[in-house]
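Summary of structural features
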Amino acid sequence: MATEVKTTCPYCGVGCGVVATVGDDGGIGVKGDPDHPANFGRLCSKGAALGETLDLDGRLLYPEIGGQAAEWDEALDLVADRFSQAIAEHGPDSVAFYVSGQLLTEDYYVANKLMKGFIGSGNIDTNSRLCMSSSVAGHRRAFGSDTVPGCYEDLELADLVVLTGSNLAWCHPVLYQRLVAAKAARPQMQVVVIDPRRTMTADIADMHLAIRPDGDVALFNGLFAHLASSPAFDQGYISPHTSGFAEAFAAASAFDQATLARLTGLAEQELAAFFQLFESSEKVVTCYSQGVNQSVSGTDKVNAIINCHLATGRIGRPGMGPFSLTGQPNAMGGREVGGLANMLAAHMDIEKAGDRDQVRRFWGAPAIAARPGLKAVDMFRAVADGRIKAIWIMATNPVVSMPDADAIEAALRACPFVVVSDVIRQTDTTRHAHVLLPSLGWGEKDGTVTNSERRISRQRSFLTAPGEARADWWQLAEVGSLMGFAGAFAYASASEIFAEHAGLSGFENDGRRDFDVGAYAEIDGAGYDALMPFQWPQPRGKASTVTRFFADGGFYHPDGRARFIATTSQIAKRVSDAFPFTLNTGRVRDHWHTMTRTGKSARLSAHIGEPFVEIHPRDAMELDLSPADLVVLESPFGAAVVRALITDRQARGNLFVPMHWNDQFAAKARIDALVPPITDPVSGQPASKNVAVSARRFAAS
Ligand code: SF4
């Protein structure tokens, strides 16, 4: 009789509950958990195929040093020695951790504690920097904390759902299914999709605005200015609960309609129709994802959206609010424990002496990082120029996923000491490791993840760990102990780490964060095993069913008010005669990240089998391209070769290429090799959209 285990999908930020079974014959079954509040039994194609990706083919099963199998003791001693040596000779900022939204919260917590509290450097950053750091920065500017106001149910309750920079149908499929069902039940619900490309999501849209890449600030500034002179303007909310309106309004009012039309690439009639729809819909949710975040103006885009919700008081109440959708399964959990270089743990601020002191005392840490560390792009620059002597990469594949990916590969090749913890033995990144450490995969590891609506769910183990694979938190704790910090890293289980994380959230909490976490600080192993999905953080004294923030008009800035942020539309001209096309990168429905797991499923690969470039028929004609021709794409940073997919879903002059494929699946397929290492100045998030490239038909030499 197969035993059912309730766990959580390891792919996107929707965070669906999964019921997994292991049959007597070892066969693995998965189905959606009907009781999980994220998905109520649904799964998308990737989640449904989880059982097809768990074989041991290609698994990293034993520690390796220099490509040779090694004992754990040997490998851990070497890691601790080389990190200690670099710190002794060059200081704590000569080492770095580059981690991942694939890690569980407990892994993230221990990594952050070791680097920021005991090594004493802020040099821990994450691939979530590539995903949602502009949203984090925008939240902190507007709300005084990185707090997502709403929840998934708001999409079902709204009269208008605006999806901007979000291909929800392919990137958050179960949330899309919930939206489709809600729209079918309430046909009066309107959906607006704002995207340069007519994606599958646009198929349910009542209005598709094919915005010019990076035209978002101009669009939402125009909307803000429109709302300010409309009946939707809520002075009764603005006066007591916000500050900064005048400056933000002045910036938003800078352009007339003709200029807005030019900056957004939209007709004046389209702008007017959208503004009118937003104005007249009391219940509006504006969802945004990588099309907003992955930009040199990503943080301004986020704040331009939030400004519109503050101006109308449409925030934190059922069916309304700005809503950032995280890409990864635990991007949100990483934010909670300070997994970004510019954050501390428990939503505290590394740049505030009082916060640093609280964390230092709670941890009993000898030192605490006194300033933010290097964000992802700067971190790998420091690897390249020799400032970083030792780097530990966990659960991510930066040689494929980072911008200017060829430079990342060169940096790792030149780095004196590279440690990689992974489940896969051969990735584009592991081949540059001096030490490889085998990690637990999905179904083997135990811990928690937090989804886009701040809901914490358990990932539970139901498979025996293969070979000598061990949890990432265990690897970090062992190295921390070997580096001389044994007492602080004597964890026996993930539940102990979770309890400590909860305890830190409540430690000497003076009410600024207003979270009641006492129940979880006392949690024991049995309680942790039984933990049901719940939303976090919880307002003090409220039941766990409370799912929204800011309805009462209270925010986390010292004055208790939200801030309007003045945002300016700066659309850099990137294309040139040499690089005349605008490339946007993104995802396909059935693959995840760099395909190290979904690439194992024939069923998933059958959806789209090869990397491709979407190109408009007129552009294809001018390049003499026929369907499925090979196309060479080049930027000043690199090149890729992909198949032509000729479609009028793509606007003229724009190209779209998915980011998944890498050189293990197809030669010259790493599209991030073309992406420049330029970032948003506030968030440090790379601009993986709006990349200037050339395109030509591949001619075999
Ligand atoms: Fe997994 Fe996301 Fe699909 Fe849900 S929607 S099953 S979390 S990939």
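Residues numbered from 1 in each chain as written. Predicted model: local features only at pLDDT ≥ 70, side-chain atom pairs only at ≥ 80, totals over all residues.

- The chain has the name Molybdopterin-dependent oxidoreductase in an unreviewed UniProt entry, where Ensifer canadensis is given as its organism.
- Reading the Sequence similarities (unreviewed entry) entry of the UniProt record for the chain gives the comment "Belongs to the prokaryotic molybdopterin-containing oxidoreductase family. NasA/NapA/NarB subfamily." (UniProt positions renumbered as here; feature names shortened; annotations may be inferred.)

1. Let's talk about the domain arrangement of the chain
- Per the domain assignment, the segments making up the chain are domain 1 (3-53), domain 2 (64-129 + 333-501), domain 3 (133-325) and domain 4 (581-697).
- Taking only C-alpha atoms, the centre of domain 1 and the centre of domain 4 are 30 Å apart.
- At the interface, 6 residues of domain 1 touch 9 residues of domain 4.
- The residue makeup of the side of domain 1 that touches domain 4, split by class, is 2 nonpolar, 2 polar and 2 charged. (Domains from an automatic or database assignment. Contact = placed C-beta atoms within 7 Å. Nonpolar A, V, L, I, M, F, W, Y, C, P; charged D, E, K, R; others polar.)

2. Details of the sheet that holds strand β17 (residues 447-450)
- The strand order across the open sheet formed by 3 strands is β17-β18-β19, and the pairing between neighbours is antiparallel. On the outer flanks of this sheet lie β17 and β19 (534-535), each paired with one strand and no other.
- Note that strand β18 (residues 455-459) and β19 share 2 bridges and pair antiparallel. Among the inter-strand pairings, I456 is bridged to a residue of β19, identified as F534. (Pairing = 2+ DSSP bridges. Helix = DSSP H or I, 4+ residues; strand = E, 2+ residues; numbered from the N terminus.)

3. Focus on the confidence of the model for the chain
- Within the chain, residue pLDDT values average 92, and 96% of them lie at 70 or more.
- For this predicted complex, the interface confidence score (ipTM) comes to 1.00, while the overall pTM stands at 0.95. (pLDDT = per-residue confidence, 0-100.)

4. Considering the site of the ligand
- C9, C12, C16, C44 and G47 are the nearest of the 14 residues found near the ligand.
- Partitioned by chemical class, the residues of the shell around the ligand number 9 nonpolar, 4 polar and 1 charged.
- Structurally, the shell around the ligand is a two-domain feature, drawing no fewer than three residues from each of domain 1 (3-53) and domain 3 (133-325). (Near = placed C-beta within 6 Å.)

5. Re helix α2 (residues 72-90)
- With 19 residues, α2 should reach 27 Å at 1.5 Å per residue; the first-to-last C-alpha distance of 27 Å fits that figure.
- Residues A75, L76, L78, V79, R82, F83 and A86 constitute the buried set of α2. For α2, the angular spread of the buried residues around the axis is 160 degrees, confining them to a single face. Exposed side of α2, more than 90 degrees from the buried face: D73, A88 and E89 are the residues found there.
- In the core, the buried residues of α2 are packed alongside β4 (64-65), β6 (95-99), β14 (390-394), β15 (417-422), β16 (435-438) and α20 (472-485).
- At the C-terminal side of α2, G91 shows a positive phi close to 90 degrees. (Expected span 1.5 Å × (residues − 1). Buried ≥ 20, exposed ≤ 12 C-beta atoms within 10 Å, placed from the backbone. Arc of directions from axis to C-beta.)

6. Comments concerning helix α16 (residues 353-363)
- Regarding α16, the residues found buried are R356, Q358 and V359. Summarising the axial view, the buried residues of α16 lie within an arc of 160 degrees, below the 170-degree limit, and thus occupy one face. Facing away from the buried side of α16 by more than 90 degrees, the exposed set consists of A353, G354, D357 and R361.
- The inward-facing, buried residues of α16 abut α3 (105-119) and α21 (494-506).
- Two residues or fewer past α16, G364 is found with a positive phi of approximately 65 degrees.

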